[in-house]
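# Structural description and commentary
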Amino acid sequence: MRGSGHINLQPRNLAVPIIVIVVVFFVAGSAIVNSTRDFYYQHVEEESRRLAISYARSLAIATEATEIVDSLLAKKLLAAGQVVAAELDHSHPRLAELATALEVDEIYSYSPQGEILSSNTGLYIGWQATPGHPVHDFMISGRDHLVEGIRQDTESDNHLKYGYFRMPDQRFVQIGVLAETVHEFLGKFEVPRLLEQMRQDQWVSCARFIDAELQLVATCTYDHLGGTNLIEQARDEIVAGREYITSTDLNGQPAYVIMLPVVVEGERIGTLMLAHDLTTTHALIRRVSQVGVVALLFMFSVMIALIYVSHKRNSDLVQSYYFDHLTGLPNRSYFNRFMQQQLELAAGDHRGALLLIECHLDLLNLTFGPQYGDAVLNECAQQLARACGPDQRLFRLAGGRLALYIESYSEQDELIGICEQVMESLRGLLQARSAEMTIGVVEIGDECLSPEKAIKRAAIAASYARREQAGGYRFFDRKMEDDLLRESVIERELHIAVDKQDEAVICLHYQPILDAQSNRVAGYEALARMNSQELGAVSPAEFIPVAERTRLIVPLGRMIVSQAFKFLKALQGQGFRDVKVFVNVSAVQLLSDDFVQDIKQTAEQVGVPTGGLVLEITESLLLENYEVTNRKLSELQSLGILVAIDDYGTGYSSLARGRELRVNCIKIDKSFIDHLLLQQPERMIAGTIIAMAHRMGHSVVAEGVESGQQLEYLRRHGCDLVQGYHFSKPLPPAEALEFLKRHNQ
Ligand code: C2E
Ligand code: CA
Ligand code: CA
């Protein structure tokens, strides 16, 4: 069945917030990963730069120191040369002595032609410098002195630093210091050693020094010396004297590389390259990112769980707010919303209708308990739900009220068909449990009704349906509303009149009932009259049913009986002892517990014997509550009260049962008397009724006699009593008494 699909009452779909969360999760996740990496990279960069700057400075200082030491050594060599040159004795022992004193390793004394004349070691005497040899270069240079860099000696293959000094006679001396000694001095400042020291630093995985000519002159591992295979960008930056940073793969490991120029006295002497192994950093980044992402995942899972829980709670709320617990159908709140929407639609040429299906389960609830009533209603609801068409919607409004909304229809006949279908589908179910239902229909066309008003109108129509015929349906029309309004006025005024025993509002008129043969007044029928302040004279045909529906008929009936007794007393006071007063009694009234007792008491209060009273009851009352009614009737008869069946022949004829009935008289309904005027013998059955009634021992009254022709027929057929406008209309008590005096004297 179509329950809730039409208007969306569901809380917003979960998909959207979840998609948003997932997107946010990915964005935030990648932000975490990125910022973690950025953070560590920044740290690596800062640390690398700090180290590189400090190491580059060390390198610059070392280079400067080397130069200083080198120049000191040069000065030492020159000073030593000067001392040796000034010495006249260049004998081997003397030179050895000088070498020790001057702390140099080699001293050679050369002839102006470049031949070794003497040496401190006594070696190489007579060696002659040949062109191209450094010694020869100095000899022919004409310079006073010269200090060379370290070189391998051509004779001894030892590495030495040499200084030359020329004497005035063109002889010259060569002083040499062994490279080991020089290195002892300079070692502390040597680049490879510094690089090795840098390597000791845990941060640095590799350190290299590239000279100004882009030659790799030193690495911490003493390998790959020579040309560098720098990429162009790095080469450009280095040549421009700028720092260059990159992360790359170094010996198969990820590394962070920084290249920083090493500047000595404003001149770039080379570039320091430091590499930091990123393996741990990467591991760290991975771990921190993982932790971050897991935390995020946890957070978002919690969020999703919260969203789900609140969504669930919302939909439960919606469910309990908009749906009926018992039947699972959309409820009154839903109906109101739905109707509101439909009514907005109705602004166009929409044609919808509301069927209010009232299941009257009060009796079931009373007899078997409310659970039973609920179960029956639920069955009805499910039955209807199954039968619902595609443009029909079923709601449970309250109690036994179901509403079926027809979204569109073309003809009223279509709605009638639906009403009949509904009744058909519930009939078996309800009848088996002696419950009934009625349907009120409201057509929703161009008029814009509020949901409340639509229900109210449907309820009015349903109440009309119930009044007229249980199990029926009625379409709402405006007159019903007016009638209802009028009824409520009547009800209010009746209430007041009964409370105040106001005989100005409720009084009785009396219509004479005559003996058909003697033409004497045998009795009077008391007919209630209402003079409403607001509505003027209101017919009993209108106010008696209102009193019956509201159960006001019980006190009202008591008031009427009391007035009738007073009239009876007045008649008897005037000497008319055998004139009866006929009083109409409603079913509700007769069936009320204290009815017989009340009559007795009222007669006593008025001070009149009960014997002059005839009660008129309807046939249907007898049929429906045969046992109780019959018992009450015999109680009444034991008080001398007679009983007449009113409107005889209109209901299911109870003639067959007539014999058992505690009834004294029947009043043939006016319709049979009317037929007497038609001159259609086949419809003139009043005579038959009279004969049958007589056979059963009942006397017969014919009511509604309006002409002599009717009277003539009735007389001929032996009718006992006659009543009607032919003789008199109902009269106020005083006039009725006058009529009696006139007639019976
Ligand atoms: P009813 O008991 O069948 O009363 C007869 C109705 O027919 C009366 O209408 C009466 O005025 C009218 N009538 C009498 N003779 C003629 C006639 O020759 N021609 C025509 N056309 N009508 C005639 P009324 O007084 O309007 O009462 C209508 C109904 O109201 C009564 O029908 C009765 O069922 C009910 N009623 C009246 N008074 C009481 C009452 O005190 N208690 C109860 N429970 N019902 C009452
Ligand atoms: Ca009557
Ligand atoms: Ca009647």
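In this report, the structure presented in the accompanying data block is examined. (Residues numbered from 1 in each chain as written. Chains lettered and ligands numbered in written order. Predicted model: local features only at pLDDT ≥ 70, side-chain atom pairs only at ≥ 80, totals over all residues. Heavy atoms only, no water.)

### Concerning helix α14 (residues 540–549)
Inclusion rule: Only protein chains enter the area calculation, which uses a 1.4 Å probe; residues under 20% of their type maximum are buried, those over 50% are exposed, and those in between are partly exposed. Here a strand is any run of E in DSSP of at least two residues, a helix any run of H or I of at least four, and the numbering for each starts at the N terminus. An arc is given here, and it is the one of the directions from the helix axis to the C-beta atoms. Note on definitions: a residue-residue contact is assigned when non-hydrogen atoms from the two residues lie within 4.5 Å. Two N or O atoms form a polar contact when they lie within 3.5 Å of each other; inside protein one atom must be a possible hydrogen donor and the other a possible acceptor, and for residues adjacent in sequence the pair counts only when both atoms belong to side chains.
The complete set of buried residues in α14 reads Phe543, Ile544, Val546 and Ala547. The arc enclosing the buried residues of α14, seen along the axis, measures out at 160°, which places them on a common side. Buried residues along α14 sit against α13 (478–500), β17 (506–515), β18 (521–532), β19 (536–538) and α15 (553–573). Structurally, the start of α14 carries an N-cap: the backbone nitrogen of Ala541 is 2.9 Å from a side-chain oxygen of Ser539. Arg551 sits one or two positions beyond α14 and adopts a positive phi of about 60°.

### What to know about the coordination of the calcium ion (ligand 2)
Applicable threshold: Metal donors: N, O and S atoms at distances within 2.8 Å, or within 3.2 Å for Na, K and Ca, with water omitted from the atom set so that some sites may seem incomplete.
In this structure, Glu525 (OE), Asn584 (OD1), Glu616 (OE) and Asp646 (OD) serve as the protein donors to the calcium ion (ligand 2), at separations of 2.1 to 2.4 Å. Within one chain, the residues serving as donors to the calcium ion (ligand 2) are arranged as E-x58-N-x31-E-x29-D. The distance between the calcium ion (ligand 2) and the calcium ion (ligand 3) comes to 3.9 Å, and Asp646 binds to both of them. With a gap of 91 residues between them, Glu525 in strand β18 and Glu616 in strand β21 (residues 613–618) connect regions that are remote in the sequence. Overall, the relative accessible area of 5% leaves Glu525 in the buried class. Accessibility expressed as a relative area gives 1% for Glu616, which makes it buried.

### What to know about the coordination of the calcium ion (ligand 3)
Bound to the calcium ion (ligand 3) on the protein side are Asp646 (OD), Asp647 (OD), Glu703 (OE) and Glu703 (OE), at distances that span 2.2 to 2.5 Å. Here the donor residues for the calcium ion (ligand 3) map to a single chain with the spacing D-D-x55-E.

### Regarding the site of ligand 1
Threshold: A single heavy atom is enough: if one lies within 4 Å of a molecule or strand, its residue is considered near that molecule or strand. The Shrake-Rupley method, run with a 1.4 Å probe, gives the accessible areas here. Residue values count only the displayed protein chains as cover. Any residue outside Ala, Val, Leu, Ile, Met, Phe, Trp, Tyr, Cys, Pro, Asp, Glu, Lys and Arg is labelled polar, Gly included; the first ten of those are nonpolar and the last four are charged.
Residues in close proximity to ligand 1 total 21 residues, the closest being Gln511, Arg529, Asp646, Glu706 and Tyr725. Between an oxygen atom of ligand 1 and a side-chain N or O atom of Asn584, the distance comes to 3.0 Å. Taking 790 Å² as the accessible area of ligand 1 by itself, protein coverage stands at 79%. Broken down by element, the shell around ligand 1 gets its largest block of residues, four residues, from β18. Its residues assigned to classes, the shell around ligand 1 comprises nine nonpolar, five polar and seven charged.

### Details of the packing of helix α1 (residues 15–86) against helix α5 (residues 191–200)
Here is the rule we go by: Lines fitted to C-alpha atoms define the axes here, with helix axes fitted over just the stretch in contact, and angles between the N-to-C directions of these axes take values from 0 to 180 degrees. Just so you know how the angles are binned, under 35 degrees is roughly parallel, over 145 roughly antiparallel, 65 to 115 roughly perpendicular, and the rest oblique. Whether a crossing is left-handed or right-handed is set by the direction in which the near helix is turned from the far one by less than a right angle, anticlockwise for left-handed and clockwise for right-handed.
Closest axis-to-axis distance for the α1/α5 pair is 10 Å, and the angle between their directions is 155°. In terms of orientation, α1 lies roughly antiparallel with respect to α5. At the point where α1 passes α5, the crossing takes the right-handed sense. Residue-level inspection shows Tyr55, Ser58, Leu59 and Ala62 of α1 in contact with α5, the latter providing Val191, Leu194 and Met198.

### Considerations on the sheet that holds strand β3 (residues 145–152)
Let me state the cut-off plainly: When DSSP finds at least two bridges between two strands, those strands are taken to pair.
Spatially, five strands are ordered β2-β1-β5-β4-β3 in an open sheet, and the strand pairing comes out antiparallel. The two strands at the open ends of the sheet, each matched to only one other strand, are β2 (116–119) and β3. Between one strand axis and the next, the sheet turns through 20° on average, direction left out of account. Here strand β1 (residues 106–110) runs beside β2; their pairing, made up of three bridges, is antiparallel.

### A closer look at unusual backbone geometry
You will see that Glu265, though not glycine, has its phi angle at about 45°, which is positive. Position of Glu265 among the secondary structure elements: in the loop between β10 (253–264) and β11 (267–277). Using a relative accessible area of 70% as the deciding quantity, one classes Glu265 as exposed. The backbone of Asp647 sits at a positive phi, close to 50°, despite the residue not being glycine. Relative to the elements of secondary structure, Asp647 occurs in strand β22 (residues 642–648). Note on Asp647: relative accessible area 27%, which makes it partly exposed.

### Notes on the packing of aromatic side chains
Here the distance between the centres and the angle between the planes together describe a pair of aromatic rings. Applied cut-off: Two aromatic rings, drawn from Phe, Tyr or Trp (for Trp, its six-membered ring), form a pair once their centres lie within 6.5 Å of each other, and the interplanar angle then sorts them: stacked below 30 degrees, edge-to-face above 60, tilted otherwise.
What the rule picks out here adds up to 20 aromatic pairs. When the ring of Phe335 is compared with that of Phe395, the centres are 5.1 Å apart and the planes differ by 80°; the resulting orientation is edge-to-face. Of this pair, Phe335 sits in helix α8 (residues 332–345) while Phe395 sits in strand β13 (residues 392–398), and the two are 60 residues apart along the sequence. Looking at Phe335, the relative accessible area reads 0%, which means it is buried.

### Quick word on the side chain of Arg166
Cut-off, in case you're wondering: The sign given to each residue is positive for Lys and Arg and negative for Asp and Glu; His and the chain ends receive no count. When a carboxyl oxygen of Asp or Glu lies within 4 Å of a side-chain nitrogen of Lys or Arg, that pair is called a salt bridge.
Take Arg166: it is sitting in strand β4 (residues 159–166). Put simply, Arg166 is tucked away with no salt bridge, and the nearest opposite charge, on Asp144, sits 5.3 Å away. Among the polar contacts listed, one links the side chain of Arg166 to the backbone oxygen of Phe138, at a separation of 2.7 Å. Apart from the residues lying within four places of it in its own chain, the contact partners of Arg166 are Phe138, Met139, Ser141, Gly142, Arg143, Asp144, Arg171 and Phe172.

### Considering the side chain of Gln511
Checked against the element boundaries, Gln511 lands in strand β17. Polar side-chain contacts of Gln511 include one of 2.8 Å to the side chain of Gln723. Beyond its immediate sequence surroundings of up to four residues, Gln511 is in contact with Gly523, Tyr524, Glu525, Leu527, Gln723, Gly724, Tyr725, Ser728, Lys729, Pro730 and Leu731.

### Quick look at the sheet that holds β13
Reading across the sheet, the five strands line up as β13-β14-β12-β15-β16 and stay open at both edges, with mixed pairing between neighbours. Across the chains shown, the open sheet's two edge strands, defined by having one partner strand only, are β13 and β16 (473–475). Averaged over all neighbouring strand pairs, the angle between strand axes comes to 20°, with direction disregarded. Looking at chain direction, strand β12 (residues 352–360) and strand β14 (residues 401–406) are connected through six bridges and run antiparallel. The residue of β14 that forms the bridge with Leu354 is Tyr405.

### Section: helix α23 (residues 733–744)
Defined as follows: Helix span, expected: 1.5 Å multiplied by one less than the number of residues in the helix.
Compared with an ideal rise of 1.5 Å per residue, which puts 12 residues at 16 Å, α23 spans 16 Å between its outermost C-alpha atoms and is within 8% of the ideal. Every buried residue of α23 is listed here: Ala736, Leu737, Phe739, Leu740 and Asn744. Projected down its long axis, α23 shows its buried positions confined to an angular sector of 155°, all on one face. Exposed residues pointing more than 90 degrees away from the buried face of α23 are listed as Ala734 and Arg742.

### Notes on the nonpolar core
Quick reminder of the rule: Throughout this description, the term nonpolar core refers to a set of buried Ala, Val, Leu, Ile, Met, Phe, Trp, Tyr and Cys residues connected via side-chain atoms within 4.5 Å.
Tyr524, Phe543, Leu556, Leu714 and Val722 are the most contacted members of the largest nonpolar core, which totals 81 residues. At 11 residues, the largest contribution of residues to this core is made by α15. Each residue touching Val722, except ones within four places of it in the same chain, is listed here: Pro512, Ile513, Leu514, Ala516, Ala702, Val705, Leu711, Leu714 and Phe727. Core analysis: the next-biggest nonpolar cluster, separate from the first, contains 32 residues, Leu329, Leu384, Leu402 and Ile439 among them.

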